[in-house]
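Coordinates in review
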Amino acid sequence: PPSSASSSSSTVVGTATTTTTTTTTTSVPNLTRLPDVFLTTVRPALDAAPDPVAALGEAHLAVFDELKATVHGTAATADDAGADASGFWASLKGDPYNGERAWADDRCLLRYLRATKFHSARAARDRLAATLEWRRSYRPLDITAADIYPEAVTGKQHFTGFDRGGRPVLYLVPRLENTKTYERQLRYVVFNLECAIRLMPPGIEQVTIVVDFEDLNVFSAPPPGVSKGFLDIVANHYPERLARGIIVNPSWYLGFFFRVLGPFMDPATKAKVLFVTVDRKKIAQQQQQQQHQKAMRKKKDADGEDGGGADAVAGTGGWTTSLEEHVDPDQLPIEFGGTFQYKFDVDEYFKHISAVEVKA
C-alpha cells in the first residue's frame, strides 16, 4: 500500500481526533502513515528486513535445509503448483487453500523450527502439516467482518497502535464481553490474528497482546473452554507470533486462569506474560489537570499574557513497570497511560482494517 513520510499526522476514529508529531527513534525508525489512516496515529515503517536464514548457525541451518527440502524440494514456487518429490503436500488432508505454498516461506518454516526448538525437521514438519490441514478446513482468510460483526461491536478486541519494536498491539477487554456464541468468539480471535499479520511492517513477525483485566467478573470472564481454545489456536497454528502478553490490573480471575489453564501453556509462552498496574484514577486526575491548564492558557492568551508553562503531563502507567516501556505514549490510548485519544467505533474500525491488504 502507498505511504508517505510526514512530520505530523492527524487521525479521526469515531469522534476522536488526535494530532501527533512523528519522531525518529532507535527502536522504531521512519514512522509513516498507514493507508487510509488506520485506527491510530502512525504505522512504523522499518528498514528492509535482514535475511533470517543468513543468521542461522551451522547446526540450525542443516535442520532448516532438511525441512525446506521436505516441504518445497528444489522447485519451490509462489503458487500451489510445483514439485512434491517428498510427497509432503500430497499427504495433507483437504483441498489446497489460498496460496499455501507461498505462505510456507522461509520465515514460516523458521517459526515452526523455533517452536520445536530446532529439535528435528520432522517435528517441525508434523506441526506445519497440522496447521496446513487446519487452515484448509478452518479457512481463516475467508472469515469476513460481517461474519464476526456481533463480536466486535463493543470493542472487546481491537487493534490500535504499534509497540516500540514496530509490532501491532491487540487489546483484549474481557469486561466488554457481549455474547455467548463461543465458536464465533474463537473465529473472531482467528480473524484478529490474521489482521495482525496484515498489519505487520516488513521484517516484523509478532504481535503484542494487552489484556485488560480491570472489573472482570464471573459474568464477563470467558469460560475455560474458550480460553483454552484461544491458547491452542495461538500455540498450534500461530507459533512464535506472540511477542508478549501484557496483563493490565490483574484481578481474582488471574489466579483461576493460571490454575486451570497454566498446565496447557507452553513454558516459552508463559515467559512472555508480563503484568502491569495502570492507575486509572491518577490518569483521570491528570486529564482534569491538563484540561485546567489548557483553560488557564486560553485565559492568559485572551488577557494578552504569555501562556508559558509546560505541555500536557506525560501519560503514566503502573506502579512497577508501565506500558510505556513497551508502547510509545502517542501510540498508547489514554486509558492505558498514554496520550492517544482513541475511541472505538466499530464501523470506522472495519472500514479501515478491511483496506489493509492480505499478505501472501
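So, here is what we can say about the structure in this document. (Residues numbered from 1 in each chain as written. Predicted model: local features only at pLDDT ≥ 70, side-chain atom pairs only at ≥ 80, totals over all residues. Heavy atoms only, no water.)

Considerations on the packing of helix H5 (residues 145–152) against helix H11 (residues 346–353)
- Their axes nearest at 11 Å, the elements H5 and H11 cross at an angle of 145 degrees. Between H5 and H11 lies a crossing whose hand is right-handed. For the pair H5 and H11, contact is made by Ala145, Ile148, Tyr149 and Ala152 and by Val346, Asp347 and Phe350, respectively. (Axes fitted to C-alpha atoms, helices over the stretch in contact; angles between N-to-C directions. Helix = DSSP H or I, 4+ residues; strand = E, 2+ residues; numbered from the N terminus. Left-handed = near helix turned anticlockwise from the far one by under 90°. Contact = heavy atoms within 4.5 Å.)

A closer look at the pairing of strand E6 (residues 168–172)
- Most of E6 sits out of view: five of its five residues are buried.
- Burial along E6 is two-sided: the residues Pro168, Leu170 and Leu172 and Val169 and Tyr171 are all buried.
- Two strands pair when backbone bridges link them, and strand E5 (residues 157–162) and E6 are joined in this way by four bridges, in the antiparallel orientation. The residue of E6 that forms the bridge with Gln157 is Leu172.
- From the end of E5 to the start of E6, which pair antiparallel, there are five residues, and Gly166 there has a positive phi angle of about 85 degrees.
- Note that E6 and strand E7 (residues 207–212) share four bridges and pair parallel. (Buried < 20%, exposed > 50% of the residue type's maximum accessible area, 1.4 Å probe, protein only. Pairing = 2+ DSSP bridges.)

Some points on the nonpolar core
- Counting 46 residues, the largest nonpolar core has Phe159 and Phe350 as its most contacted members.
- Residue contributions to this core peak at 10 residues, all from helix H6 (residues 182–199).
- Ignoring any residue separated from it by four or fewer positions in sequence, one finds Phe350 in contact with Ala145, Ile148, Tyr149, Ala152 and Phe191.
- Formed by 22 residues, the second largest nonpolar core is a distinct cluster that contains Val63, Phe64, Leu109 and Leu113. (Core = buried A, V, L, I, M, F, W, Y, C linked by side-chain atoms within 4.5 Å.)

Things to note about the packing of aromatic side chains
- Under the counting rule described, the total for this entry stands at 10 aromatic pairs.
- An angle of 50 degrees between the planes, with centres 5.2 Å apart, marks the rings of Phe344 and Tyr349 as tilted.
- Ring geometry for Tyr349 against Phe350: centres 5.5 Å apart, planes inclined by 80 degrees, an arrangement best described as edge-to-face.
- Exposure remark for Phe350: the relative accessible area of 7% places this residue in the buried category.
- One aromatic cluster in this structure is built from Tyr149, Tyr188, Phe191, Phe344, Tyr349 and Phe350.
- One residue, Arg187, lies across the ring of Tyr138, its end atom 5.0 Å from the ring centre.
- Between Arg280 and the ring centre of Phe336, over which it is positioned, the NZ or CZ distance is 4.9 Å. (Phe/Tyr/Trp six-rings, centres within 6.5 Å; stacked < 30°, edge-to-face > 60°. Lys NZ or Arg CZ within 6 Å of the ring centre and 35° of its normal.)

Some thoughts on the packing of helix H1 (residues 58–72) against helix H3 (residues 106–115)
- Their axes nearest at 10 Å, the elements H1 and H3 cross at an angle of 120 degrees. Classified by the interaxial angle, the pair formed by H1 and H3 is oblique. Like other packed secondary-structure pairs, H1 and H3 cross with a definite hand, here right-handed. In this structure, H1 contributes Val63, Phe64, Leu67, Lys68, Val71 and His72 to the contact, and H3 contributes Asp106, Leu109, Leu110 and Leu113.
- Across the contact of H1 with H3, the residue classes tally to seven nonpolar, one polar and two charged. (Parallel < 35°, antiparallel > 145°, perpendicular 65-115°, else oblique. Nonpolar A, V, L, I, M, F, W, Y, C, P; charged D, E, K, R; others polar.)

Description of the sheet that holds E5
- Ordered in space as E5-E6-E7-E8-E9, the five strands form an open sheet in which the pairing is mixed. The open sheet terminates on both sides in strands that have one partner only, identified here as E5 and strand E9 (273–276). When strand polarity is set aside, the average angle formed by the axes of neighbouring strands in this sheet is 25 degrees.
- Examined bridge by bridge, strand E8 (residues 242–248) and E9 share four bridges and lie parallel to one another. Paired with Ile246 across the strands is Leu274, a residue of E9.

Note that every value here comes from positions in space, so none of it alone points to a role or purpose.
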